[in-house]
Structure formats: C-alpha cells, structure tokens
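Structural overview for review
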Amino acid sequence: MTKMTVPLLDLRRQYHTFKSDVLPVLERVCESQMFILGPEVSRLEVAIAAYCHSDHGIGVSSGTDALLLALMGLDIGPGDAVVTSPYTFFATGGTIARTGARPIYLDIDPVSFNLCPVILARYLAESCDQRDGALFDRVSGARVRAIMPVHLYGQMADMDPIMDLAKQYGLAVVEDAAQAIGAEYGGRRAGSIGDIGCFSFFPTKNLGAFGDAGLVTARDAELAERLRVMRVHGGKPKYYHALIGGNFRIDELQAAVLNVKLPLLESWSEGRRRNAVRYGELFAAAGLTDTIGLPVALAGRRHIYNQYVVRVPDRDRLRTFLAQEGIGTEIYYPVSLHQQACFAYLGYQTGDCRESERAAAETVALPIFAELEAAEIEYVVDAIRRFYA
Ligand SMILES: *Cc1c(COP(=O)(O)O)cnc(C)c1O
C-alpha cells in the first residue's frame with residue numbers, strides 16, 4: 001500500500017460541510033452584539049434536552065463546569081464522598097475533589113470500560129456503614145452522596161443496576177455523558193436516566209463547538225432551576241444571592257455554532273458506527289481478532305464511538321510504528337485517576353483498580369471520525385497487520 005497520512009481526527013473535513021451555514025449565523029450574533037444568554041442559548045437548551053430525552057437543558061461553559069455545577073447543585077462538598085470510575089478524563093475526579101468532597105474510585109468492567117455494578121454493590125454493602133439514614137465510607141468517614149458513572153468512549157454504563165443501587169442507598173446519580181451524546185441504554189439516552197446529565201461540546205466530542213462549551217440536563221424542574229441560578233453566581237433576582245454559584249455560562253456564539261451542527265449529529269455518529277463496523281470486518285479478515293481486543297458494542301445499547309479503542313499487545317511500540325506510518329493514535333488514558341500524583345492523599349495503591357490499570361497499559365485509540373475514507377481505514381488495519389506479522 002502506498003503511504004498515507006491518517007490523522008486521529010481532522011475537524012477541517014467536517015467544517016467544510018457546514019461552513020456556509022454557520023458563518024452567516026455567527027455574523028448575525030455579531031450584528032446583534034448579544035453575547036450572553038441570548039436566543040441561541042435558549043434554542044440550544046430546548047433542542048439538546050429533546051435530543052437527549054430529558055426535560056431540562058442548561059448550557060454551561062464546558063463539560064468540566066457541567067460536572068462541577070451538577071455537584072454544587074446537589075450541595076456536595078466537604079465531608080461528602082462521590083463514587084466514580086478511575087478510568088476516565090481527569091475532570092470526572094477533579095471536579096469531585098474541587099467541591100471538597102472525596103472521590104471514591106471503584107474498578108471498571110473490562111468489557112465496557114465503565115463502572116462495574118457488581119463492584120459498586122459490593123463496595124456499598126461491605127465498605128460503608130448506614131447511620132441516621134445516611135451512608136458513610138468506613139475508611140474515610142465521608143458521607144457517600146452520589147454515584148458518577150462515566151459513559152466512556154460513547155457507550156453507556158450499566159445504568160439499571162446503578163440506578164437500583166442509588167435508590168436503595170438514597171444516592172444521587174450524575175452521569176458523566178461528556179463522550180456519549182445520543183448514546184442509548186435500553187432506548188433511553190445518555191443524560192436522561194440519572195438526576196443530572198453532564199455533556200461536553202469540546203471540539204473533539206461527537207458534537208463539538210468552536211471552543212469550550214457544555215450542558216447539563218435534569219429531569220426535576222426544581223433541581224433544573226437551581227442549576228440555572230447557580231450558573232449565574234446563584235443570583236436570583238440578579239444581585240440577590242441565596243446560593244453561591246459561579247460563572248458557568250455557555251457563550252452565545254458557541255450556542256449558535258451548536259445549533260447549526262446539532263441537526264448533523266446523527267449522521268456523524270452513524271458514520272462513526274459504520275467505520276467501527278468496517279474496522280471489525282477488516283480486522284477479522286486480516287486474522288487479527290485473536291491478537292487485538294476490539295471494542296464490544298453491548299446488546300441493548302447504542303454506542304456512538306466518540307473513540308474507537310482497542311486492546312493491543314506491545315502497545316507503545318505499535319504506536320511508534322503507526323506514527324512512522326503516518327497514522328495518528330492516542331492513549332485515553334495512560335494513568336488511572338487513583339494513581340495520579342494529585343490524588344496520593346486518597347491513599348490508593350497500585351493494584352487497587354486492576355482492570356483500570358490494565359486498560360491504561362493496553363489500550364490505544366484509532367482514527368474513527370465520520371469523514372474517514374474507506375481506503376484510510378484499510379490502510380490503518382493493514383499497518384497494524386504488518387506490525388504483528
Ligand atoms: C471531555 C470530557 C470531560 C470534560 O469536558 P470539557 O468540555 O473538556 O471540560 C469530562 N469527562 C469526560 C469523560 C470527558 O471526556
């Protein structure tokens with residue numbers, strides 16, 4: 001095969017398909033000079049909430065701020081604990097710690113890469129004490145308040161048992177759906193099952209803005225209103241603060257971009273799914289399915305493939321080889337959160353989350369964006385075949 005350059009992601013290919021639609025809209029916002037919480041934001045909030053099968057949408061400044069606002073909205077802070085996955089982007093654990101609460105990292109299921117309900121059930125039953133109608137982590141004494149499942153790579157965590165456990169123990173559920181807009185679990189969409197859903201419109205997500213942006217969804221009207229007020233420093237009416245919030249607003253310009261892109265999201269996610277199927281067929285035809293662990297699209301779920309992540313032997317050498325062949329890859333994520341230096345105070349040891357550590361050592365993301373050409377996918381698979389030959 002002749003040498004090609006296949007980037008992990010090329011947003012320019014997508015941009016050229018909607019450029020003529022988005023530029024006039026941006027110009028319109030500029031002409032209005034209405035940059036803060038204008039009509040584009042209101043339209044986006046309604047449209048995304050509907051797309052996510054949720055009742056309320058509140059546009060925010062980033063996916064990270066969506067998580068932080070969600071935790072603040074649930075009044076989570078010092079003395080509290082939030083249970084989550086250690087195999088995720090930093091913001092998941094970082095925002096928990098920023099509220100003053102303690103992140104509790106439980107190991108993942110090795111097939112879905114998401115929080116494992118069996119391990120979660122065991123933790124809640126065996127490592128916590130129930131007192132005065134509350135639940136306490138026995139080691140730290142922190143009050144367990146919420147579960148934060150992450151829908152990693154675009155496939156949802158096993159939400160039914162997670163919701164059952166949340167109900168049983170009286171815990172809130174915040175879905176980190178940053179990578180999972182439009183993903184489904186039994187026909188229900190990411191962000192519509194827990195108390196709050198958190199989305200990111202970082203440019204590399206399936207629905208990306210022209211900069212930072214995010215959104216929270218909520219089912220409960222009262223909680224949604226609280227989040228809406230906390231997005232503007234907690235002032236309601238303006239300059240009268242019953243709550244302490246922050247500046248968590250989404251930009252009007254970003255909302256305008258997202259309103260143009262949202263109608264195209266289904267076709268992009270379908271393109272990613274089609275590419276994933278193609279990879280599967282080509283890896284099988286190349287006889288590589290015993291060597292490489294392909295992503296598993298679980299029954300009853302819709303995977304939107306924000307990332308296409310495979311398990312491979314000799315991962316780091318493969319990455320170097322693929323880079324020489326002109327193929328972009330990335331490691332999501334090389335260090336699990338329970339092993340990050342900033343979380344040393346939590347006292348986790350290597351070996352505490354074995355599947356998460358193994359995933360961090362074995363996985364690599366391959367190009368999966370919707371506009372990839374068939375020949376590019378063939379080139380990637382052929383390069384991997386040559387590496388292991
Ligand atoms: C991207 C991402 C975030 C943070 O979103 P930003 O918009 O980059 O702040 C949080 N959690 C996960 C799992 C993500 O992938």
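From a predicted model like this one, the values you see are computed outputs, not experimental measurements. (Residues numbered from 1 in each chain as written. Predicted model: local features only at pLDDT ≥ 70, side-chain atom pairs only at ≥ 80, totals over all residues. Heavy atoms only, no water.)

1. Description of the overall build of the protein chain
In terms of regular secondary structure, the protein chain is built from 12 helices and 14 strands. Here the C-alpha atoms of the protein chain give a radius of gyration of 21 Å, agreeing with the 21 Å that 2.2 N^0.38 yields for 389 residues. In the protein chain, the proportion of contacts linking residues at least 24 apart, taken out of those at least 6 apart, comes to 71%. When the accessible area of the protein chain is evaluated, it comes to approximately 16200 Å², of which 53% is carbon and sulfur surface. (Helix = DSSP H or I, 4+ residues; strand = E, 2+ residues; numbered from the N terminus. Rg over C-alpha atoms; globule rule 2.2 N^0.38 Å. Contact = heavy atoms within 4.5 Å. Areas by Shrake-Rupley, 256 points an atom, 1.4 Å probe, with all protein chains shown as cover.)

2. Description of the site of the ligand
Close to the ligand lie 15 residues; Gly-63, Thr-64, Gln-179, Ser-200 and Lys-205 are nearest. In the model, an oxygen atom of the ligand is placed 3.0 Å from a nitrogen or oxygen of the Lys-205 side chain. Taken together, the elements giving at least two residues each to the shell around the ligand come down to helix 3 (63-73) and helix 4 (90-98). Broken down by element, the shell around the ligand gets its largest block of residues, 3 residues, from helix 3. By residue class, the composition of the shell around the ligand is 6 nonpolar, 7 polar and 2 charged. (Near = heavy atom within 4 Å. Polar contact = N/O pair within 3.5 Å; in protein donor to acceptor, adjacent residues only side chain to side chain. Nonpolar A, V, L, I, M, F, W, Y, C, P; charged D, E, K, R; others polar.)

3. Thoughts on the domain arrangement of the protein chain
Annotation of the protein chain at the domain level lists domain 1 (13-263) and domain 2 (264-388). Taking the mean C-alpha position of each, domain 1 and domain 2 sit 24 Å from one another. Opposite the 48 residues of domain 1 that make contact, domain 2 presents 42 residues. Of the roughly 3900 Å² buried where domain 1 meets domain 2, counting both sides, 56% is carbon and sulfur surface. Applying the counting rule to domain 1 against domain 2 returns 3 salt bridges. One salt bridge in this structure joins Glu-266 and Arg-189, with 3.8 Å as the shortest N-O distance. Scanning the region where domain 1 abuts domain 2 turns up 31 residue pairs in polar contact (both at pLDDT 80 or more). Of the residues contributing to the side of domain 1 that touches domain 2, the split by class is 27 nonpolar, 13 polar and 8 charged. (Domains from an automatic or database assignment. Buried area = accessible area lost by both parts, 1.4 Å probe. Salt bridge = Lys/Arg side-chain N within 4 Å of Asp/Glu carboxyl O.)

4. Considering the sheet that holds strand 8 (residues 184-185)
Here 3 strands make up an open sheet; going across it, the order is 9-8-12 and the pairing antiparallel. Either end of the sheet is taken by a strand with one partner, and the two such strands are strand 9 (188-189) and strand 12 (301-302). As paired strands, strand 8 and strand 12 are joined by 2 bridges and run antiparallel to one another. Across the sheet, Glu-184 pairs through a bridge with Arg-302, a residue of strand 12. (Pairing = 2+ DSSP bridges.)

5. Here's the deal with the pairing of strand 3 (residues 102-105)
Sheet topology note: the strand 2 (residues 80-84)/strand 3 ladder contains 4 bridges and is parallel. Counterpart to Ala-81 in the pairing with strand 3 is Arg-102. Between the parallel elements strand 2 and strand 3, the chain passes through helix 4 in a crossover that is right-handed. (Right-handed = clockwise from strand over helix to strand, strands pointing away.)

6. With respect to the pairing of strand 7 (residues 172-176)
Side chains on a regular strand alternate between the two faces of the sheet. Most of strand 7 is tucked away, with 5 of its 5 residues classed as buried. Because side chains alternate across strand 7, one face comprises the buried residues Ala-172, Val-174 and Asp-176, and the other comprises Val-173 and Glu-175, equally buried. Examined bridge by bridge, strand 6 (residues 143-148) and strand 7 share 2 bridges and lie parallel to one another. Across the sheet, Ala-146 pairs through a bridge with Ala-172, a residue of strand 7. Read as a crossover between parallel neighbours, the route from strand 6 over helix 6 (residues 159-169) to strand 7 is right-handed. One ladder, built from 3 bridges, connects strand 7 with strand 10 (residues 196-200); its direction is parallel. Within strand 10, the position partnered with Val-174 by the bridge is Ile-196. (Buried < 20%, exposed > 50% of the residue type's maximum accessible area, 1.4 Å probe, protein only.)

7. Let's talk about the nonpolar core
Formed by 46 residues in total, the largest nonpolar core has its most connected members in Ile-48, Ile-181 and Phe-201. Ranked by residue count, the leading element in this core is helix 6, at 5 residues. (Core = buried A, V, L, I, M, F, W, Y, C linked by side-chain atoms within 4.5 Å.)

8. Considerations on unusual backbone geometry
Excluding glycine, a negative phi dihedral is what most residues carry, and trans is how most peptide bonds are arranged. The residue after Lys-236, namely Pro-237, is reached through a cis peptide bond having omega -10°. Position of Pro-237 among the secondary structure elements: in the loop between helix 7 (221-231) and helix 8 (252-261). If you check the backbone angles, His-233 has positive phi at about 65° while not being a glycine. Tracing the backbone through its elements, the reader meets His-233 in the loop between helix 7 and helix 8. Using a relative accessible area of 40% as the deciding quantity, one classes His-233 as partly exposed. The backbone phi angle of Tyr-239 is positive, close to 80°, even though this residue is not glycine. The topology assignment puts Tyr-239 in the loop between helix 7 and helix 8.

9. Details of helix 6
For helix 6, the complete set of buried residues consists of Met-159, Ile-162, Leu-165, Ala-166 and Tyr-169. Along helix 6, the residues classed as buried sweep out an arc of 130° about the axis, all on the same side. Turned more than 90 degrees away from the buried face of helix 6, the exposed residues are Asp-164, Lys-167 and Gln-168. The secondary structure elements touched by the buried residues of helix 6 are helix 5 (117-126), strand 4 (128-131), strand 5 (134-137), strand 6, strand 7 and strand 8. Taken from the residues just after helix 6, Gly-170 is the one with a positive phi, measuring 70°. (Arc of directions from axis to C-beta.)

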